[in-house]
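# Survey of secondary and tertiary structure
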Amino acid sequence: MSKKVKRSSGEKKESNGFIMFASANRGLVLLVVMVLATVGWATLSSRPVLPILSTPLPTGTPPTLPANAPARDYIYAGSSLISTVDQFREPPNDLAVWRPSDGIWYILNSQQQAVYYPWGISTDIPAPGDFDGDGKTDFCVFRASNGTWYIVYSSNGSIQYASYGMSDDKPVPADFDGDGRSDVALWRPSNQTWYINRSSDGGNTEVQFGASGDAPTPADFDGDGKTDVAIWRDSTHSFWVSRSSDGQPSSFSIGATGDQPVVGDYDGDGKTDFAVRRASTNYWYIHFSSDGSDYSQAWGNSSDTAVPGRYNDAQDTDAKTDIAVWRPSTGVWYIRRSSTGTERAVQWGMTGDKPVPANWKR
């Protein structure tokens, strides 16, 4: 069934409906995979995917897990175990990059395993999320040329195609309805409208929020377990948030014009903190939601890519977002452990890759 998304009268008339074609049974899934392999992944690429062993692989040694590391189905947060289905607490991130040149995802997980998976072509936009709600991030790319999302469910390996979006849209997959699954969602700069296909009931939500030149920064700022629609307005160096808890807008000014938004839960209170990074000075500026205090920290170089996330290892097992950067010139991740303030450096990736840290759990 195709669902239409309402547009303003001046907009280009193009279907923005959501179409999901799921495999009816295991046999059909196998047939689809065999057909894709036979035609050289014709639906995903104009050329065959290169064999993994013939491509330059990332290097590096995965971190060592704590002696009391939990089982695969749980995440470790300080002295307690938290189930991966807890929607109020993001699980730890794995180091990962997506390589446009060969369409392969390279993951270094916390089980000291390297995982490689071919999915997408060079012009795609990586848009990973937990679309099936199993606590693991799914491989996903958004193809702007045809407005289609290509998803591989980690729960059963089935392939999903979601026709949702237009060429200039920005994918913003997140759990906007709080059901524990990422929603297929996008932000349209041309009319400053958010289009969200709710995974909870399949319905569509349209919210006009933002202005021309804004950057989408969706996150759970009010701590209710739902992602809030939010933007960073560089001209006024301020965040604007539409709170899911009460539907009210709010704003917060931080940093200066030219700064980069790097929001995250840096104080571990379950709410996203307003934060920016200033590339000219390498300083991060963070406003803690827990007590309203402000914090600044120099980290990284001006050419680095900011990759804030919760990167746990034996020396850092808390639930706080870590200040972190990925250096394109060397493929090295520089992570400032939130527990100790010490540096963790891991080489993973190469020039031309796009960092995609997430809870892959492969």
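Cut-offs used in this document
- Residues numbered from 1 in each chain as written.
- Predicted model: local features only at pLDDT ≥ 70, side-chain atom pairs only at ≥ 80, totals over all residues.
- Heavy atoms only, no water.
- Helix = DSSP H or I, 4+ residues; strand = E, 2+ residues; numbered from the N terminus.
- Buried < 20%, exposed > 50% of the residue type's maximum accessible area, 1.4 Å probe, protein only.
- Pairing = 2+ DSSP bridges.
- Phe/Tyr/Trp six-rings, centres within 6.5 Å; stacked < 30°, edge-to-face > 60°.
- Core = buried A, V, L, I, M, F, W, Y, C linked by side-chain atoms within 4.5 Å.
- Contact = heavy atoms within 4.5 Å.
- Salt bridge = Lys/Arg side-chain N within 4 Å of Asp/Glu carboxyl O.
- pLDDT = per-residue confidence, 0-100.
- Lys, Arg positive; Asp, Glu negative; His and termini not counted.
- Polar contact = N/O pair within 3.5 Å; in protein donor to acceptor, adjacent residues only side chain to side chain.

## Overview of the overall build of the protein chain
Along its length, the protein chain carries one helix and 26 strands. The buried share among the 362 residues of the protein chain stands at 48%.

## Quick word on unusual backbone geometry
A positive phi angle, near 55°, is found at Q192, a position not held by glycine. Tracing the backbone through its elements, the reader meets Q192 in the loop between β11 (184-188) and β12 (193-197). Looking at Q192, the relative accessible area reads 16%, which means it is buried. One non-glycine residue, H237, lies in the positive phi region at around 40°. If you trace the backbone, H237 turns up in the loop between β15 (229-233) and β16 (238-242). Owing to a relative accessible area of 25%, H237 belongs among the partly exposed residues under this scheme.

## Focus: the sheet that holds strand β7 (residues 139-143)
Ordered in space as β6-β7-β8-β9, the four strands form an open sheet in which the pairing is antiparallel. Edge positions in the sheet fall to β6 (125-126) and β9 (159-163), since each has one partner strand and no second.

## Describing the packing of aromatic side chains
In this description, a pair of aromatic rings is defined by centroid distance and the angle of the planes. The tally for this structure, following the rule as stated, stands at 19 aromatic pairs. Relative to F274, the ring of F252 has its centre 5.1 Å away and its plane inclined at 10°; by these criteria the two rings are stacked. In this pair, F252 is assigned in strand β17 (residues 249-253) and F274 in strand β19 (residues 274-278), connecting sequence segments 22 residues apart. Classification of F274 by relative accessible area gives buried; the value is 14%.

## Notes on the nonpolar core
The biggest cluster of nonpolar side chains holds 15 residues, and the ones touching the most others in it are W105, I107, W119, F139, V141, V356 and W360. Secondary structure elements with two or more residues in this core: β3 (95-99), β4 (104-108), β7, β8 (148-152) and β9. Ignoring sequence-local partners within four residues, the contact set of W360 consists of D94, A96, W105, I107, P128, K136, T137, D138 and F139.

## Observations regarding the pairing of β7
Among the five residues in β7, five count as buried, and that is most of the element. The two faces of β7 match: F139, V141 and R143 on one face and C140 and F142 on the other face are all buried. Relative to β8, β7 runs antiparallel, the two being bridged by five bridges. Counted as the bridge partner of F139 is V152 from β8.

## Some words on the environment of P92
Mapped onto the elements, P92 comes out in the loop between β2 (80-83) and β3. Overall, P92 belongs to the buried group, its relative accessible area being 17%. Sequence-wise, P92 and Y311 are 219 residues apart; in three dimensions their C-alpha atoms are separated by 5.6 Å.

## Topic: the pattern of salt bridges
According to the stated counting rule, one finds 11 salt bridges in the structure shown. The partner of D259 in a salt bridge is R278, with the nearest N and O atoms 2.9 Å apart. Here D259, found in the loop between β17 and β18 (260-261), pairs with R278, found in strand β19; they are 19 residues apart in sequence, far enough to count as distant. With a relative accessible area of 6%, D259 lands in the buried category. Put simply, R344 and D313 hold a salt bridge, and the shortest N to O gap is 4.0 Å. Taken together, the residues R344 in strand β25 (residues 343-347) and D313 in the loop between β22 (305-306) and β23 (323-327) connect sequence positions 31 residues apart. Just as R344 is buried, D313 falls in that class too.

## With respect to the confidence of the model for the protein chain
Per-residue confidence for the protein chain gives a mean pLDDT of 81; residues scoring 70 or more make up 75%. The model gives residues 1-88 a pLDDT under 50, and that stretch makes 173 contacts with residues more than four places away or in other chains.

## Observations concerning the sheet that holds strand β26 (residues 354-355)
Within the open sheet, the four strands sit side by side as β5-β4-β3-β26. Their pairing is antiparallel. Pairing within the sheet leaves two strands with one partner each, and these edge strands are β5 (114-118) and β26. Both β4 and β5 contribute to a ladder of five bridges, which runs antiparallel. Its bridge partner lying in β5, W105 is registered against Y117.

## Observations concerning the pairing of β17
Summarising the sheet, β16 and β17 pair through five bridges and their orientation is antiparallel. If you follow W240 over to β17, its bridge partner there is S251. Linking β16 to β17, which pair antiparallel, is a turn of six residues; within it G247 sits at a positive phi near 75°.

## Section: the side chain of S182
With respect to the element layout, S182 can be found in the loop between β10 (170-171) and β11. The exposure class of S182 is buried, given its relative accessible area of 13%. When residues no more than four places from it in sequence are discounted, the contact partners of S182 are G129, D130, F131, A174, D175 and S199.

## Thoughts on the side chain of D316
Tracing the backbone shows D316 in the loop between β22 and β23. For D316, which is buried and forms no salt bridge, the nearest opposite charge comes from R337, at a distance of 5.7 Å. There is a polar contact of 3.3 Å between the side chain of D316 and the backbone nitrogen of S338. Setting aside its immediate chain neighbours within four residues, D316 contacts Y311, D322, R337, S338 and S339.

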